[in-house]
Amino acid sequence: EDLRPQLGSLALPCMVVVGAEDRALPPSRSEALAAVIPGARLERVTGAGHLSAVEAPDAVNALLTAFLDEAWATRMGAEEDTEPARPDAGPPAPP
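An account of the accompanying structure is given in this report. Being a predicted model, the structure only gives us computed values, none of them experimental.

A closer look at the pattern of salt bridges
Alright, step 1. Throughout the structure, instances matching the rule amount to four salt bridges.
Alright, step 2. Across the pair Glu-43 and Arg-41 runs a salt bridge whose closest N-O atoms are separated by 4.0 Å.
Alright, step 3. If you follow the salt bridges from partner to partner, you end up with Arg-41, Glu-43 and Glu-70 in one network.

Written out as structure tokens, the structure is:
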């Protein structure tokens, strides 16, 4: 089932990561995907192809860490917080 028509209704942080040298799925396809998701961030991994997480793991990990830290800080209402998100910290306390 093609869910692309529903992407415009997403209301959550979203990041599309694409290898700048991807030949299997051209970056233009990822650009189009990010364009229809409200507030989506598009990140291109320089020097990586279709398997960017394998070809450039440090770059992809840095992108994911920054994205998750920002999403966590926004969720917690502390956008200026510079502490990195800690996956072992557990879920946020209810309001």
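Points about the side chain of Asp-22
Alright, step 1. Considering the arrangement of structural elements, one finds Asp-22 in the loop between β1 (15-19) and α1 (27-36).
Alright, step 2. Buried within the structure, Asp-22 lacks any salt-bridge partner; Arg-23 is the closest side chain of opposite charge, at an N-O distance of 8.1 Å.
Alright, step 3. A distance of 2.9 Å separates a polar side-chain atom of Asp-22 from the backbone nitrogen of Ala-24.
Alright, step 4. Sequence-distant contacts of Asp-22, that is, excluding residues within four places in its chain, are made with Pro-27, Ala-48, Gly-49 and His-50.

Scoring rules and cut-offs
Residues numbered from 1 in each chain as written. Predicted model: local features only at pLDDT ≥ 70, side-chain atom pairs only at ≥ 80, totals over all residues. Heavy atoms only, no water. Salt bridge = Lys/Arg side-chain N within 4 Å of Asp/Glu carboxyl O. Helix = DSSP H or I, 4+ residues; strand = E, 2+ residues; numbered from the N terminus. Buried < 20%, exposed > 50% of the residue type's maximum accessible area, 1.4 Å probe, protein only. Lys, Arg positive; Asp, Glu negative; His and termini not counted. Polar contact = N/O pair within 3.5 Å; in protein donor to acceptor, adjacent residues only side chain to side chain. Contact = heavy atoms within 4.5 Å.

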